[in-house]
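What follows is the residue order along each chain.
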Amino acid sequence: MRFEDLNWMDVEEYLKHDDRLMIVVGACEQHGYLSILTDVRIPQVLADAASKQTGVLIAPTVNFGVSPYFLTYPGTISLRTSTLLQVVEDIIRSAANVGFKRFVILNGHGGNNSVSDSLVELSNLLPEIRVAWYSWWESHSVAAVAIKHNLTIEHAGWAEAFTFNRVADLPDEPKIPVKTTGMLNAKETRKAYGDGMFGGPYKVDDQIMAELFQAALDDVLHLLA
């Protein structure tokens, strides 16, 4: 149930019986040995899985996010926070104009979280809409899976190493977590983190990954209810 698989008449028909829309917001940035679009792929797969169970439509993905600290890693493309906010706001306004009222934004990137606060203002201006912002790795249910297995979630580490994100072989040995102080610029970030992974295991058992994904999916289904 993605927009690209429908025509405008299909969307109009959908709006006769449903007003929900999922919007995937990610990032194009380094993720160590994982895909540069890791932050897009995870929320996209969650959206697809949720759509199969609920029939809720998925808007075209926003593939770029706020990633200035990774700009010395080739492949990273970053937006300004103001640019991303304007893009997300315009998507919501456009969709609301034709009848969508309930929006679930599936965010895949921590650098985008500042946008969520500004969307509260949009909800105040358009009281007929409801906007939920979901960053999967910050979920209590996802954190519970990590705690259960004595793991912590780090950038480009095990928690993002789903099979659909693996574009190279992953190291077998865990990485010693990197300790930094203060706010690093892009050059300092690359010097500190090297391969781009922040620390801990690069991969874990597939069963743990399945538990993690199901926890996040259950969250999304709850938001859509």
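Because the structure is a prediction, the values reported are computed rather than measured. (Residues numbered from 1 in each chain as written. Predicted model: local features only at pLDDT ≥ 70, side-chain atom pairs only at ≥ 80, totals over all residues. Heavy atoms only, no water.)

1. Observations regarding the overall build of the protein chain
Per the secondary structure count, the protein chain includes seven helices and four strands. For the protein chain, the sequential pattern of α-helices and β-strands runs α-β-α-β-α-β-α-β-α-α-α. Expected size for 225 residues packed as a compact globule is a radius of gyration near 17 Å; at 18 Å, the protein chain falls within 12% of this value. Here the protein chain, with 225 residues, has 48% of them falling under the buried criterion. Looking at the protein chain alone, contacts between residues at least 24 apart form 77% of all its contacts between residues at least 6 apart. With an accessible surface of roughly 11,400 Å², the protein chain has 55% of that area assigned to carbon and sulfur atoms. Here the protein chain carries 18 positive and 28 negative side-chain charges, and the mean point of each set is 3 Å from the other. (Helix = DSSP H or I, 4+ residues; strand = E, 2+ residues; numbered from the N terminus. Rg over C-alpha atoms; globule rule 2.2 N^0.38 Å. Buried < 20%, exposed > 50% of the residue type's maximum accessible area, 1.4 Å probe, protein only. Contact = heavy atoms within 4.5 Å. Areas by Shrake-Rupley, 256 points an atom, 1.4 Å probe, with all protein chains shown as cover. Lys, Arg positive; Asp, Glu negative; His and termini not counted. Charge placed at Lys NZ, Arg CZ, Asp CG, Glu CD.)

2. Structural notes on the nonpolar core
Counting 56 residues, the largest nonpolar core has Met 22, Ile 92, Phe 103, Leu 119, Trp 136, Trp 158 and Leu 212 as the members making the most contacts within it. Every residue in contact with Trp 158, bar those within four places of it in the chain, is listed here: Ala 146, Leu 151, Thr 152, Ile 153, Pro 201, Tyr 202, Lys 203, Val 204, Ile 208, Met 209 and Leu 212. One finds Ala 156, Ala 161, Leu 170 and Met 197 within the second-largest nonpolar core, a separate group that totals six residues. (Core = buried A, V, L, I, M, F, W, Y, C linked by side-chain atoms within 4.5 Å.)

3. Side note on the environment of Ala 215
Looking at the secondary structure, you find Ala 215 in helix α7 (residues 206–224). Judged by its relative accessible area of 12%, Ala 215 falls in the buried class. Apart from the residues lying within four places of it in its own chain, the contact partners of Ala 215 are Ser 141, Val 142 and Val 145.

4. Some words on helix α2 (residues 38–54)
The periodicity of an α-helix, 3.6 residues per turn, causes residues three or four places apart in sequence to face the same way. Compared with the 24 Å implied by 1.5 Å per residue over 17 residues, the 24 Å span of α2 between its first and last C-alpha is a close match. In the core, the buried residues of α2 are packed alongside β1 (20–25), β2 (57–58), β3 (102–107) and α7. Looking one or two residues beyond α2, the residue adopting positive phi is Gly 55, at roughly 80 degrees. (Expected span 1.5 Å × (residues − 1).)

5. Quick word on α7
Here α7 contains 19 residues, and its C-alpha end-to-end distance of 27 Å stays within 8% of the 27 Å for a straight helix at 1.5 Å per residue. Residues of α7 that are buried include every one of Ile 208, Met 209, Glu 211, Leu 212, Phe 213, Ala 215, Ala 216, Leu 217, Asp 219, Val 220, Leu 221 and Leu 224, and no others. Turning to α7, the residues buried within the fold contact β1, α2, β3, β4 (130–135) and α5 (140–148).

6. Observations concerning the side chain of Thr 189
You can see Thr 189 is positioned in helix α6 (residues 186–193). A distance of 2.8 Å separates a polar side-chain atom of Thr 189 from the backbone oxygen of Asn 185. Every residue in contact with Thr 189, bar those within four places of it in the chain, is listed here: Tyr 69, Phe 70, Tyr 73, Leu 184 and Gly 194. (Polar contact = N/O pair within 3.5 Å; in protein donor to acceptor, adjacent residues only side chain to side chain.)

7. A few points about the layout of surface pockets
Its boundaries defined by the atoms lining it, the largest pocket holds a volume of some 240 Å³. Taken together, 16 residues make up the lining of the largest pocket; nearest its centre are His 109, Gly 110, Trp 137, His 155 and Glu 160. Taken together, the residues of the lining of the largest pocket sort by class into six nonpolar, six polar and four charged. In this structure, the second largest pocket spans a volume of roughly 180 Å³. (1 Å grid on protein atoms, 1.4 Å probe; cavity = no way out; pocket = protein on both sides within 12 Å on 5 of 7 lines; lining within 4 Å. Points joined across faces, edges and corners; volume = space filled by probe spheres on them. Nonpolar A, V, L, I, M, F, W, Y, C, P; charged D, E, K, R; others polar.)

8. A short note on unusual backbone geometry
Phi is positive for Asn 150, close to 55 degrees, though the residue is something other than glycine. Note that Asn 150 resides in the loop between α5 and α6. Its identity as a non-glycine residue notwithstanding, Ala 156 has a phi of 65 degrees, on the positive side.

9. Description of the pattern of salt bridges
Any two side chains of opposite charge can pair, so long as their charged atoms come close to each other. The full count for this structure, using the stated rule, is nine salt bridges. With a closest N to O distance of 3.4 Å, Arg 2 and Glu 4 form a salt bridge. Accessibility expressed as a relative area gives 52% for Glu 4, which makes it exposed. Two residues, Glu 13 and Lys 16, come together in a salt bridge whose shortest N-O distance is 3.1 Å. Under the relative-accessibility criterion, Lys 16 is labelled exposed at 63%. Each of Asp 18, Asp 19, Arg 20 and Arg 102 takes part in salt bridges that share partners, so that together they form one network. (Salt bridge = Lys/Arg side-chain N within 4 Å of Asp/Glu carboxyl O.)

Without other data, these values stay purely geometric and don't point to any function.
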